[in-house]
Every structure is written in structure tokens, then in C-alpha cells.
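Chain residues, written in single-letter form:
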Amino acid sequence: MLLLDLLRTSFQVYSLKCYQCRSSIENCLLPVHRSSLNCKETFACFSATAHDRGESILGCLPKPFCEIESKRCEDGRNTYSRNCSIKCCTEELCNAEKSCEAGLDIGIVLDKSLSVKQQNLQNVILNLRDLINKSNPAPAADHFGLITFHNQPTLAFDFKDSTFYNKTALLNRIGQEPIAMKRWTRIDMALDMANRTLFSSQGGHRPGKRSLMVVFTDGVQAPKGGEKLQAFVDKLIKDLEQKGVFVIVVSISSPTNTQVLGHIAGPSGKVINGNALEGTILDKKKDFGVC
């Protein structure tokens, strides 16, 4: 072995500090379960989540492998988990999950089609006020965005609208939401708007914050989309998951299309019955896996 080779193996260049953890998703979210390690200059920090196994891994990964492994997760070809995600970054200690206490981006997607029924919509408005009262709207804390939909989606306001970094202003706006309802339910168009317009730099989405999308609907798409709708929704939810958006679907009417609700939530999201929900979504954010 040449002297230069020996020196290279003996004195590795370390230039990046990363968190390390191999445990359940919940444990790796908590600082007490994380330690740090020094990574070689050719490495990146990474966080890998096996959603179907409920496990997380934090550590270092050679930079060229980041894109490869991320693609394997996206295509479902990863041998460790068929439902996984991998994120890489190159700043010191950048692979730790962000805390909800540091602020959330909360996107509300509200179904206002006739199938939901007026009384159910009024109940949702009350639930939203409860949700806001439990939150902390502020420039550096919680930001809200609202999309309503029936035969087409409407962006009421997005995350960058500083008018609603104030709890009183936000409560007043939600309280003034019209109860007007129309035929047809374009869930697909509403989710597409959420992905492209709300959870985007254009909409003021902050990648460094935890993100939550709450969809209030009965899941009754009209006109029906069949397998094409399912494939379209699955792709949208995968895009949102890759942006770090956790999805909660709240069933707000009866009967509901439980199959569509499940597709909207995706493999790592949650479907809950709005009538049976005790407390608010923010009270249960840890139980749901948001934080």
C-alpha cells in the first residue's frame, strides 16, 4: 500500500455533523433518543422512514446514494420497506425532524358540496374555530391556508397571507366563511390545488416547519373518477408526503366513501370520524404522528 493511501485511511476528513438514531418514528423525533456523529466530507446527513414498519433511521450516507435510495423508495423497490421515504441534506445537524412547537403550516381543505349537507358544514366551521383556538398563529409560529371546493376549488388564503398570523383575524375569517353549497365534488382538483398552490413556495410553504393538511369531506367524488381518480390521488398524496406534509382526513357526513378517504390519507396519514372526534386535531397531533 502506498504511503498516501495509508494516510487517507488513517486520517479521514470529517466535515459534517449529523444526528444518528435507529428506532421507532416517535423515538427518533425526540432529542433524548438522538446522538450525533461526524461524517466524511463526501457524505450527507439523511433521515429514512419506513412508514409500514413504524421505524426511522438517522445518520450519514454517501451523497451519490441519496438520489438512488430515494428513487428506490418512491418506486417501492426498497428491500427494507415498500413504503418509505429518504431525505438528505448537507447542513450541520439538518436531519432532525422539526418540532411542532416551532410552528406548523396547516392547510385546510374544506368540502362545500351538497352531499355534505348544511348542518355538517356548520359543524365543521365550529371545529375549525376550536382548532384555531388551540393553535398559535404568528409570523414565526403557525401559519394557516384554506381551500374550499365543490364543482371547483377556491383558494381562500394561503400561508404567506400575513393578515392571518393573528388569531383574532383568523377566527373572524373562518366565522365568516359562507355556507353556500353547490352540486358536484371535485376532490381531485382541490388536492391538486393544495399540492401546487398551497404547499409550495408560491403559497408560502416553509420546508423547515412541520406541515399538516386536514381534509374535511365525505369522500363522494362527483362525477366519479374510478381507477383514474385513485391513481391521480395516490400520486398527489405521494408528492405531498415527499414535501413532508402529514395528511388527516376528517369524515364529515354519512354515508361516506371510505375507500376514497383512505386514498386521500395515503399510507402514512389518518382517517378520523368527525362526529366521534374527541378534542381537537392539535390535541392529538402526537397520537396521529404529526409530531
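Cut-offs and rules
Residues numbered from 1 in each chain as written. Predicted model: local features only at pLDDT ≥ 70, side-chain atom pairs only at ≥ 80, totals over all residues. Heavy atoms only, no water. Salt bridge = Lys/Arg side-chain N within 4 Å of Asp/Glu carboxyl O. Helix = DSSP H or I, 4+ residues; strand = E, 2+ residues; numbered from the N terminus. Buried < 20%, exposed > 50% of the residue type's maximum accessible area, 1.4 Å probe, protein only. Pairing = 2+ DSSP bridges. Phe/Tyr/Trp six-rings, centres within 6.5 Å; stacked < 30°, edge-to-face > 60°. Lys NZ or Arg CZ within 6 Å of the ring centre and 35° of its normal.

**Describing the pattern of salt bridges**
Summed over the entire model, instances satisfying the criterion amount to 10 salt bridges. Across the pair Glu177 and Lys112 runs a salt bridge, and its minimum N-O distance is 2.8 Å. In this pair, Glu177 sits in the loop between helix H5 (167-175) and helix H6 (187-198) while Lys112 sits in the loop between strand E6 (104-111) and helix H4 (118-133), placing the two residues 65 residues apart along the sequence. The exposure classification of Glu177 matches that of Lys112, with both residues buried.

**Brief notes about the pairing of strand E4 (residues 55-62)**
With six of eight residues buried, E4 lies mostly within the body of the structure. Where strand E3 (residues 43-50) meets E4, eight bridges bridge the pair, whose relative direction is antiparallel. Within the sheet, the bridge partner assigned to Phe46 lies in E4 and is Gly59. Remark: four residues form the turn of the hairpin made by E3 and E4, two consecutive strands paired antiparallel; Gly54 in that turn has positive phi of roughly 70 degrees.

**With respect to the packing of aromatic side chains**
For the structure on display, the rule yields two aromatic pairs. Seen in terms of ring centroids, Phe157 and Phe164 are 4.3 Å apart; in terms of plane orientation they differ by 35 degrees. Their pairing is tilted. You'll find Phe157 and Phe164 in the same group, each marked buried. On the numbers, 5.3 Å between centres and 65 degrees between planes, the contact of Phe159 with Phe199 is edge-to-face. With Phe159 in the loop between strand E8 (153-157) and H5 and Phe199 in the loop between H6 and strand E9 (210-217), this residue pair connects regions lying 40 residues apart in the sequence. The same class applies to Phe159 and to Phe199, which are both buried. Arg183 extends its terminal NZ or CZ atom over the ring of Trp184, reaching a point 4.8 Å from the ring centre.

**A look at unusual backbone geometry**
In the Ramachandran plot, Lys117 falls in the positive-phi region, its phi being about 80 degrees despite a non-glycine side chain. Summarising the element assignment, Lys117 is placed in the loop between E6 and H4. Relative accessible area serves as the criterion here: at 46%, Lys117 is assigned to the partly exposed category. Even without glycine at this site, Trp184 takes up a positive phi of about 75 degrees. Within the fold, Trp184 resides in the loop between H5 and H6. Here Trp184 falls in the partly exposed class, since its relative accessible area comes to 44%.

**Section: the side chain of Ser135**
Counting through the fold element by element, Ser135 comes out in the loop between H4 and strand E7 (143-149). Overall, the relative accessible area of 6% leaves Ser135 in the buried class.

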